[in-house]
Amino acid sequence: MIKLLIWAVIVYLLYRTLKNWIRISFGPVDRGAFPGTPEQIDDLMVQDPYCDVYFPRKEGVHLRFKGEDLYFCSPECRDKYVSEHSDDSA
């Protein structure tokens, strides 16, 4: 039984040594080099200025308000924001 345990430890140590040697010899795998994998960020996450929810900018509702580009998670949040901030400027 002890011999089997010693052989298992030896095999495991050889496996780890070989694995590290291969990783060092060939370097890390560059995932961006494979076709079909994205190399850049597809979209940015933005925060809704009214309800503070984060969402992808391309899925948001855009509004140019007082010279500022704003993105909202829904038309309802956009309308509430405009109604609250329009009263401030009146």
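Residues numbered from 1 in each chain as written. Predicted model: local features only at pLDDT ≥ 70, side-chain atom pairs only at ≥ 80, totals over all residues. Heavy atoms only, no water.

K.L.:
I'd like a rundown of the overall build of the protein, residues and numbers included.
P.N.:
From N to C terminus, the protein includes two helices and four strands. From first element to last, N terminus to C terminus, the protein shows the α and β order α-β-β-β-β-α. Of all 90 residues assigned to the protein, the portion counted as buried reaches 12%. Nonlocal contacts in the protein, meaning residues at least 24 apart in sequence, comprise 18% of its contacts between residues at least 6 apart. On the protein, roughly 7,900 Å² of surface is accessible, and the fraction owed to carbon and sulfur atoms is 61%. (Helix = DSSP H or I, 4+ residues; strand = E, 2+ residues; numbered from the N terminus. Buried < 20%, exposed > 50% of the residue type's maximum accessible area, 1.4 Å probe, protein only. Contact = heavy atoms within 4.5 Å. Areas by Shrake-Rupley, 256 points an atom, 1.4 Å probe, with all protein chains shown as cover.)

K.L.:
Break down the packing of aromatic side chains for me, citing the residues and quoting the values.
P.N.:
A complete count under the given rule lists two aromatic pairs for this structure. Note on Phe 65 and Tyr 81: the rings are 5.8 Å apart at their centroids and 70 degrees apart in plane angle, and the pair reads as edge-to-face. Taken as a pair, Phe 65 in strand S3 (residues 61-65) and Tyr 81 in helix H2 (residues 75-89) lie far apart in primary sequence, 16 residues in all. For the ring pair Phe 72 and Tyr 81, a centre distance of 5.2 Å and an interplane angle of 55 degrees mean the geometry is tilted. Taking relative accessible area as the criterion, Phe 72 reaches 0% and is therefore assigned buried. We classify Tyr 81 as buried; its relative accessible area is 11%. Taken together, the ring pairs connect Phe 65, Phe 72 and Tyr 81 into an aromatic cluster. (Phe/Tyr/Trp six-rings, centres within 6.5 Å; stacked < 30°, edge-to-face > 60°.)

K.L.:
Pulling in residues and values, what's your account of the nonpolar core?
P.N.:
In terms of nonpolar packing, the biggest core is built from seven residues, these being Val 61, Leu 63, Phe 65, Leu 70, Phe 72, Cys 77 and Tyr 81. Among the elements of the structure, S3, strand S4 (68-72) and H2 are those that each provide at least two residues to this core. The leading source of residues in this core is S3, at three residues. The contact partners of Tyr 81, leaving out residues within four places of it in the chain, are Pro 49, Tyr 50, Phe 65, Leu 70 and Phe 72. (Core = buried A, V, L, I, M, F, W, Y, C linked by side-chain atoms within 4.5 Å.)

K.L.:
Please set out the pattern of salt bridges residue by residue, giving values where relevant.
P.N.:
Counted according to the given criterion, the structure contains two salt bridges. Here Asp 69 ties to Arg 64 by a salt bridge, and the two come within 3.2 Å at their closest N and O atoms. Taking the relative accessible area as the measure of exposure, Arg 64 reaches 51% and is therefore exposed. Across the pair Arg 78 and Asp 79 runs a salt bridge whose closest N-O atoms are separated by 3.2 Å. Looking at Asp 79, the relative accessible area reads 44%, which means it is partly exposed. (Salt bridge = Lys/Arg side-chain N within 4 Å of Asp/Glu carboxyl O.)

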